[in-house]
Amino acid sequence: MADLWLAPDQLFDGERLHAGLGIRLASGRVAEIAKAPPGARPLKGTITPGFLDLQVNGGGDVLLNADPSAAGIARILAAHRRFGTVGVMPTVITDAPEVLEAAAEAALAARDQPGMLGLHIEGPHISMPRRGTHAARYVRPLSAETIALVTRLRAAGLAVMITVAPEATDAAGIAALAATGAIVSLGHSDATAEEVRGALEAGARCFTHLFNAMSPMLNRAPGVVGAAINSEAHAGIIVDGVHVADEMVALALRARPVADRMFLVSDAMPTVGGRPSFTLYGEEIRVEDGRLVNHEGSLAGAHVTIADSLARLVTRIGLAPEAALRMAVTVPAGLIGAPALAGLLGRAAEDVLLLAPDWRYAGNLGEIAAPSPASQPGR
């Protein structure tokens with residue numbers, strides 16, 4: 001790719017939106033950010049670092065639980081990259097011990113694949129009443145085996161998020177997981193606010209898909225939701241208009257005591273970039289009116305992308321674009337200890353996106369800056 005200056009309407013540098021700045025691509029990477037020179041190629045919309053997603057069960061017809069392999073992870077990463085998500089944390093949900101072990105081995109084998117961020121272990125150490133679509137037969141208390149597995153992953157340099165319920169472990173277990181450097185996230189829990197505060201004091205520092213699969217916030221019982229919103233911990237949230245009402249997303253964003261603690265997650269299933277149905281625990285899950293449901297009509301994961309969620313945050317919920325972009329890029333990058341993923345300089349063109357004026361994903365710069373066939377020699 002020859003040197004090329006691009007002049008978008010706006011540019012997001014990981015913290016702020018800027019007008020009047022352009023970027024220079026050289027050898028397929030972002031080499032410079034400066035005032036766009038005369039002759040720069042104009043672009044309608046906003047340039048931003050690519051999206052990050054720390055909770056992805058599957059994509060491209062692959063469910064990690066059903067195909068816990070490096071090849072399966074590669075297909076999941078490729079499916080989400082089509083929609084602007086350039087970094088993914090594949091997620092293994094509650095299952096048999098051998099499935100969790102296989103997912104860990106797959107994550108280790110795939111750790112050098114472009115876009116591989118680490119492994120999210122969601123369950124099996126969760127609350128039975130709040131297990132959601134997670135199979136009851138595999139739900140179990142936190143074990144020494146899981147702590148050893150997380151320790152091994154972290155020793156190999158892999159980022160790990162592990163979702164547990166306070167009632168499925170104790171302070172010592174949470175402290176042991178946190179001591180490895182893993183992100184201990186609270187979710188699928190029926191705990192009281194007091195129990196949640198104890199888990200945070202023990203080392204938990206995040207919440208998994210806020211509002212979903214957790215005890216609700218009531219006037220005299222704040223539950224997990226109330227404790228999460230009032231804490232300074234990070235929290236992922238699904239913004240698809242299905243899992244959480246737009247009004248509740250807006251309320252939670254306004255109520256957090258510290259800015260930039262909320263981040264978008266898709267909780268995506270194999271239908272993203274794949275066919276409209278798949279099998280989970282031997283049961284068919286299908287897309288109906290944009291919702292993933294089982295045969296009883298209950299929600300079973302999400303059929304949404306970070307790109308969809310970002311556009312909804314800005315156009316439907318009314319969040320300032322800078323804050324929405326930080327939820328899709330900067331906050332998750334910081335949480336996993338990879339702040340460079342929120343920057344532009346040095347990034348591959350394929351990892352930098354153009355968003356249309358309506359905040360929809362319009363493509364990556366590798367695609368946009370590629371010469372057209374008509375301009376190539378011999379054409």
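Just so we're clear, the structure is a prediction, and the values are computed from it rather than from any experiment.

### Description of the overall build of the protein
Counting its secondary structure elements, the protein contains 10 helices and 20 strands. Computed over C-alpha atoms, the radius of gyration of the protein comes to 21 Å, within 12% of the 21 Å expected from 2.2 N^0.38 for 379 residues, which places it in the range of a compact globule. C-alpha extents for the protein along the principal axes are approximately 65 × 40 × 40 Å. Looking at the protein as a whole, 55% of its 379 residues are labelled buried. When the accessible surface of the protein is summed, it comes to about 15000 Å², and 52% of that surface belongs to carbon and sulfur atoms.

### With respect to the pairing of strand E11 (residues 160-164)
Along E11, 5 of the 5 residues are buried, which leaves the element largely enclosed by surrounding structure. Every second residue of E11 is oriented toward a common face, with Val160, Ile162 and Val164 on one face and Met161 and Thr163 on the other, all of them buried. Here strand E10 (residues 119-122) runs beside E11; their pairing, made up of 4 bridges, is parallel. Each bridged residue has a counterpart across the sheet, and for Ile121 the counterpart in E11 is Ile162. Between the parallel pair E10 and E11, the chain is carried across by helix H3 (residues 144-155), and the sense of this crossover is right-handed. The pairing of E11 with strand E12 (residues 183-186) spans 4 bridges and is classified as parallel.

### A few points about the side chain of Thr46
Looking at the secondary structure, you find Thr46 in strand E5 (residues 41-49). Thr46 gets classed as buried once you look at its relative accessible area, which sits at 2%. A polar contact is formed between the side chain of Thr46 and the side chain of Gln10, at a distance of 3.3 Å. Sequence-distant contacts of Thr46, that is, excluding residues within four places in its chain, are made with Gln10, Leu11, Phe12, Leu17, Leu353, Leu354, Leu355 and Trp359.

### As for the packing of aromatic side chains
The relation between two aromatic rings is expressed through the spacing of the ring centres and the mutual angle of the planes. A complete count under the given rule lists 1 aromatic pair for this structure. Measuring from centroid to centroid gives 6.3 Å for Tyr138 and Tyr281, while their planes differ by 40°, and the two rings are tilted. Of the two residues, Tyr138 sits in the loop between E10 and H3 while Tyr281 sits in the loop between strand E16 (277-280) and strand E17 (283-288), which places them 143 residues apart along the sequence.

### Describing helix H9 (residues 321-335)
Counted at 1.5 Å a residue, the expected span for H9 with its 15 residues is 21 Å, and the 20 Å between its end C-alpha atoms agrees. The principal kink in H9, of about 50°, is found at Met327. For H9, the buried fraction is high: 12 of the 15 residues fall into the buried class. Of the positions making up H9, those classed as buried are Ala323, Ala324, Leu325, Arg326, Met327, Ala328, Val329, Thr330, Val331, Pro332, Ala333 and Leu335. Looking one or two residues beyond H9, the residue adopting positive phi is Gly337, at roughly 75°.

### With respect to the packing of helix H8 (residues 306-317) against H9
It is at 9 Å that the axes of H8 and H9 come closest, and there the two elements cross at 155°. The angle between H8 and H9 falls in the class roughly antiparallel. The element H8 and its partner H9 pack so that their crossing is right-handed. For the pair H8 and H9, contact is made by Ile306, Leu310, Leu313 and Val314 and by Pro321, Ala324, Leu325, Met327 and Ala328, respectively. Broken down by class, the residue content of the contact of H8 with H9 amounts to 9 nonpolar, no polar and no charged.

### Structural notes on the sheet that holds strand E6 (residues 51-56)
Taking strand neighbours across the sheet as the criterion, the 8 strands line up as E6-E9-E10-E11-E12-E13-E14-E15 in an open arrangement whose pairing is parallel. Both outer strands of the open sheet, E6 and strand E15 (262-264), are each paired with one neighbouring strand and no more.

### Some thoughts on the nonpolar core
One finds Ile121 and Leu210 to be the most contacted residues of the largest nonpolar core, which totals 97 residues. Sorting elements by how many residues they give to this core places H9 first, with 9 residues. Not counting residues up to four positions away in its chain, the partners in contact with Leu210 are Val225, Ala228, Ile229, Ala235, Gly236, Ile237, Val244, Ala252 and Met262. Formed by 14 residues, the second largest nonpolar core is a distinct cluster that contains Leu25, Leu43, Leu344 and Ile368.

Reading the values: rules and limits
Residues numbered from 1 in each chain as written. Predicted model: local features only at pLDDT ≥ 70, side-chain atom pairs only at ≥ 80, totals over all residues. Heavy atoms only, no water. Helix = DSSP H or I, 4+ residues; strand = E, 2+ residues; numbered from the N terminus. Rg over C-alpha atoms; globule rule 2.2 N^0.38 Å. Buried < 20%, exposed > 50% of the residue type's maximum accessible area, 1.4 Å probe, protein only. Areas by Shrake-Rupley, 256 points an atom, 1.4 Å probe, with all protein chains shown as cover. Pairing = 2+ DSSP bridges. Right-handed = clockwise from strand over helix to strand, strands pointing away. Polar contact = N/O pair within 3.5 Å; in protein donor to acceptor, adjacent residues only side chain to side chain. Contact = heavy atoms within 4.5 Å. Phe/Tyr/Trp six-rings, centres within 6.5 Å; stacked < 30°, edge-to-face > 60°. Expected span 1.5 Å × (residues − 1). Bend = angle between axes of the 7 residues up to and from the residue. Axes fitted to C-alpha atoms, helices over the stretch in contact; angles between N-to-C directions. Parallel < 35°, antiparallel > 145°, perpendicular 65-115°, else oblique. Left-handed = near helix turned anticlockwise from the far one by under 90°. Nonpolar A, V, L, I, M, F, W, Y, C, P; charged D, E, K, R; others polar. Core = buried A, V, L, I, M, F, W, Y, C linked by side-chain atoms within 4.5 Å.

Structural measurements only, silent on function.
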